[in-house]
Amino acid sequence: MDDGDNKKKKTNGRGAPGKGGGRARGRRTSPVSEDEDDEEDTPPRPRRAGERRRAARKEGDEDEDDNKASKKKRGGAANRRRGGDGEGGDGKKGRKGRGKKGGKGGKGEEKGDSTGKEKDKDEDKDKKKKKGSSSDSNSGSEEEDSMSEGEMARLMEEVEEKKKLIATMRNKPWRMKRRLVLLKDAQQFVDKFEGALGKGKGRKWFAYKVMMTKKWIKFQRDFDNFKTSCIPWERKIKEVESHFGSSVASYFIFLRWMYGMNLVLFGFTFGLVVIPEVLMGLPYGSIPRKTVPRPEQDTAQDYSVLMDFNGYCKYSVLFYGYYNDQRTIGLLKFRLPLSYLLVGIGNFGYSLMLVIRTMAKNADVGGGDGDESEFTFAWKMFTSWDYLIGNAETADNKYASITTSFKESIVDEQENQKDENIHLRRFLRVLANFMITCSLGGSGYLIYFVVKRSQEFANRDDLSWYEKNELEIIMSLLGLVCPPLFETIAELEDYHPRIALKWQLGRIFALFLGNLYTFLFALFDEVNSKLEEEQDIKNNSIWIMKEYYANFSRLTNDTEATPPPMNPADVIRGPCWETAVGIEFVKLTVSDIQVTYLTILIGDFARAMIVRFLNYCWCWDLEAGFPSYGEFDISGNVLGLVFNQGMIWMGAFYAPGLVGINVLRLLSSMYYQCWAVMATNVPHERVFKASKSNNFYMGLLLLVLFLSLLPVVYTIMSLPPSFDCGPFSGRLKMFDVIMETIDLDLPAFMGTLFSYAANPGLIIPAVLLMVLAIYYLNAVSEAYKNSNNELKKKMQLARDEEKNRRNNTDSTNQVMKDLEDLLPNRSFIPPPPPPPPKAEKPQPEAKPTKTKPGSAAKGVKVQKDVALASPNPNARGPVSQAPTPRAGPRPGRGAPAN
Amino acid sequence: MGNKQTIFTDEQLDAYQDCTFFTRKEILRLHGRYHELAPHLVPMDYTNEPDCKVPLSLIVNMPELKENPFRNRIVESFSEGGDGNLSFNEFVDMFSVLSEMAPRELKAIYAFKIYDFNVDNFLCKEDLEKTLNRLTKEELTPEEVELVCDKTIEEADLDGDNKLSFADFENMISRAPDFLSTFHIRI
């Protein structure tokens, strides 16, 4: 109660000085910052405020004051809203400031011109008056308690409003100066009155909360600043962007995104698997799996061997086989096998989450879902210029491409040109597709063949360099040769460039995918044969071990003595298929890097050099003529990146080092390609748009992620791990580690819990539930889509009506036309009596309904308006007359005629 | 650090961050760019909010704007007087609206102002012709220009006054797939 009294006194004290205090509290948007100034300013203000508005305003004022007096307890909210509506109603842009900003909304649309300012002040005055009167009555009235509460509520609301204003300040279309002033104002207001809020005992807590919120906001801002300053290559990308437009830059942005993702994967893999093993695991040479076998030791350090990731590389932390199957390592009792498995799965989980989240975010921003046909010219007119372009050559190309696209649309508009020889074209398209299918099949077979051959080679030692690297070379060559081949074949089809690009992308995608999967299947063959081989070796090595001990005990004749352990280099090992798979992937990645970089060096850089310098002594103009400079191949590069990532995802489980290699690759690629594109490439002649392509890339990435998830999960779930290498050796299945952890490390009841959870009786209902959920969500989204389409149709209808009403009184709506045509004896009927007055009338009303569809985001309510409005014009328009003659022609006609 | 203090006070920076889509560093960089434009006009010390403006001719020569066919219009629509001379506030405002973070609604308002050549709050045929000629470097024949402008108005005009009001424009632009990706300038 004490606190309450205090507070009351405080408010009263503020109210007591009379207008001054009330004014200060009521000050909403006054451009003056200090209270004292405020008071001094008041007298001249009425003069400044436009006289013409005054009268009208006064009325409103009185009204509001009356309201206040009659319903004191009501918070200011309603009042204010009312004022806001009154203000906002006069401008159609008023909806920008709908509701929450109250009076401000009305002002917002004025965009800071002088009338707006005057209005501001007027408004201020009103507010003050209001406040003043209320606070006056406040101090005079008996029930101070409830009054101060009402006051409090109003104040609270105002503070909230100010806060909201501060938060949304940057979205307001005002001049900066005005924004700054308003902001300062609002902040001061909040500073001043926020502390006065809060009641009774909660007061301190409230003040504390306010302080913490402030600190939190400050922290957030600093953190945001920090975050943006951490984004690398902003300048570089900007440079590329201004030279080549947004489409090329979108590749680099994608590359940067990819780098960020890989950095996280790298952090997981190295932080939780590689570094613990290096620091806490057994050192090199301590056990067989960590030692190079004796027959290989002579060549283990040769450069060529190391480049094939054999020798020391093969028995290093880079690959699966090196890891020990000890349950815990080091002092920290780090459970390495478990961590290995979880990181492998976690990498996939993280990537999936990130890709899907990014896609959702992009889709959100995309927004535009208009039909192509609706605004062809308008969109071309207002959105075709890429404001990012800052390079003269690109700008020239852009001008040219815009002109062409306009001309194309004009031609399309003027006549739908007819195909003179559709049969030939069809034949050519079929032929082209046939050829491409053939080459796809051929490349698949070639890879299968090569992998098979490499398995044969694996048993031989006298291999040339080519034979050793045949697979990688062939795959890279295919990736190099096929896309241009496809492009050449696609010339036959004569599609529109945008469609052609899509086909091209699809085909390259199919090629890469086919190659990858052929490679995988061949690899699985190899793995299976290795698994069989392994069984023999396992028995063999056990037998040899026994023999070794037997020999030892026989030689020393001392059965008690423990024999010295066998030298790890001499132990016979299995083929360790996991490491073999890992090596394949690493080799593939490395050769891919080499080929990409060499292609850039030769295909772009050397070409550019030749064109540039040989041009002085050549018989034709090299720059403009045949070789000219290269263009940056966006689609090829993006697909290359996506497939490289797929390889990383697949290989990372068997070769933890692969992620590290990939991070290095992306890092160097960023600098190298940025340099190459700036130094050697020319802007595209047809600058095509990068619209929505971002999500297109992401979609590809998601598909590849899913496809690379399959084989890895298959191997984890179904293949037995090697018996003598890797973190899962000695177990039947890789995921047994989890079972082991549950059994040994978690309390017993958890084990039983898990066994219940793994019970089919529980899993099947869970799966069913999920299926149902999917079905339900699907149905819901379908329904939304339907209603969306319906609304779109209605908007279209309304638009058509609108248009035709202004063009002529005739309806363009086909149904209505048909109806009119069905009228009996049209010739008898005098021409429809004066629609003009009637038709003219609805226009002003219709306007507001028309303005709204633009803000489609505002949802259903607005569109309902449209739906309601659309039948209206019909009722008044010419159509309304359609049914009348049928119902009762003579009298019905007669009445209006008279 | 000392460098920062001499240009803006912390309050100023905070206020700018509240009013724009920029971070502290970007605002300082913007000031750098602004200063670069006219080193003799623009002071390095902005703590007492000096009143100075950089003329249009200098601003449109920024590499970010140099190639833009609408550069004069952009600068003009962000200047308070409409004459294209920008104070630092307006300069920041311009790049804030054109930044990647600005919402579609805000961008639409300013895009409308940019394309409204004769500043009558409507895009009439005259405006469209100017827009088109700048976009195509006047390579279309007058008939083609006529056709395109008519078509544009026909497509986007909802209320039948043969010119595009902001509502028409917003309705059209809010569904354009490329508007957000092309209507921004990275600074």
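Residues numbered from 1 in each chain as written. Chains lettered and ligands numbered in written order. Predicted model: local features only at pLDDT ≥ 70, side-chain atom pairs only at ≥ 80, totals over all residues. Heavy atoms only, no water.

Chain B is annotated in an unreviewed UniProt entry as Calcium and integrin-binding family member 2 of Gouania willdenowi.

Caption draft 1: Looking closely at the interface of chain A and chain B. Counting residues at the interface gives 77 residues for chain A and 84 residues for chain B. With both chains or domains summed, chain A and chain B bury close to 7300 Å², and 58% of this area falls on carbon and sulfur atoms. Together, Arg175, Phe382 and Tyr387 of chain A form the three largest contributors to the area buried by chain A at its contact with chain B, with a combined 13%. At the junction of chain A and chain B, the tally comes to 4 salt bridges. Put simply, chain A and chain B have 14 residue pairs in polar contact (both at pLDDT 80 or more) between them. Among the elements of the structure, α10 (176-194), α11 (202-230), α12 (234-280), α15 (336-366), α16 (376-383), α17 (392-414), α28 (760-807) and α31 (842-851) of chain A are those that each provide at least two residues to the side of chain A that touches chain B. Here the side of chain A that touches chain B takes 11 residues from α17 of chain A, the largest share from any one element. Looking at the side of chain A that touches chain B residue by residue, the class counts come to 27 nonpolar, 20 polar and 30 charged. (Contact = heavy atoms within 4.5 Å. Buried area = accessible area lost by both parts, 1.4 Å probe. Salt bridge = Lys/Arg side-chain N within 4 Å of Asp/Glu carboxyl O. Polar contact = N/O pair within 3.5 Å; in protein donor to acceptor, adjacent residues only side chain to side chain. Helix = DSSP H or I, 4+ residues; strand = E, 2+ residues; numbered from the N terminus. Nonpolar A, V, L, I, M, F, W, Y, C, P; charged D, E, K, R; others polar.)

Caption draft 2: Broad picture of the nonpolar core. Grouped together as the largest cluster of nonpolar side chains are 101 residues, with contacts concentrated most on Phe252, Phe254, Phe519, Phe585, Phe653 and Met734 of chain A. Within the second largest apolar cluster, 93 residues are counted, among which are Phe193 and Met381 of chain A together with Val75 and Phe183 of chain B. (Core = buried A, V, L, I, M, F, W, Y, C linked by side-chain atoms within 4.5 Å. Buried < 20%, exposed > 50% of the residue type's maximum accessible area, 1.4 Å probe, protein only.)

Caption draft 3: Broad picture of the UniProt feature "domain: EF-hand" (unreviewed entry) in chain B. Residues and elements named next belong to chain B. The UniProt record annotates "domain: EF-hand" (unreviewed entry) at residues 103-138 and 144-179. The straight-line gap between the two end C-alpha atoms of residues 103-138 is 32 Å; of that span, 67% is helix and 0% is strand. Secondary structure across residues 144-179 comprises 61% helix and 0% strand; the distance between its end C-alpha atoms is 24 Å. (UniProt positions renumbered as here; feature names shortened; annotations may be inferred.)

Caption draft 4: Up close: the side chain of serine 96 of chain B. Relative to the elements of secondary structure, serine 96 of chain B occurs in helix α7 (residues 88-97). According to the relative accessible area criterion, serine 96 of chain B is buried, its value standing at 1%.

Caption draft 5: View of the packing of aromatic side chains. All names here are of chain A. By the definition in use, this model includes 51 aromatic pairs over all chains. Arranged with centres 6.4 Å apart and planes meeting at 80°, the rings of phenylalanine 309 and phenylalanine 319 form a pair that is edge-to-face. Note that phenylalanine 309 is positioned in the loop between α14 (303-307) and α15 and phenylalanine 319 in the loop between α14 and α15, a separation of 10 residues in sequence. The pair formed by phenylalanine 309 and phenylalanine 319 is uniform in burial state, with each residue classed as buried. Their ring planes at 35° and their centres at 5.1 Å tell us that tryptophan 385 and tyrosine 399 sit as a pair that is tilted. (Phe/Tyr/Trp six-rings, centres within 6.5 Å; stacked < 30°, edge-to-face > 60°.)

Caption draft 6: Expanded view of unusual backbone geometry. Positive phi values are uncommon outside glycine, yet lysine 333 of chain A reaches one of about 55°. Structurally, the position occupied by lysine 333 of chain A is in the loop between α14 and α15. One non-glycine residue, lysine 137 of chain B, lies in the positive phi region at around 55°. Examined against the element boundaries, lysine 137 of chain B turns out to sit in the loop between α9 (125-136) and α10 (142-156).

Caption draft 7: The confidence of the model for chain B, seen in detail. Residues and elements named next belong to chain B. Per-residue confidence for chain B gives a mean pLDDT of 83; residues scoring 70 or more make up 97%. For chain B, helix α1 (residues 2-7) is the element with the lowest average pLDDT, namely 55, and helix α8 (residues 104-115) is the one with the highest, namely 88. Under a pLDDT of 50 for its full length, residues 1-5 has, in the predicted model, 4 contacts with residues more than four places off or in other chains. Predicted complex, confidence summary: ipTM 0.88, pTM 0.66. (pLDDT = per-residue confidence, 0-100.)

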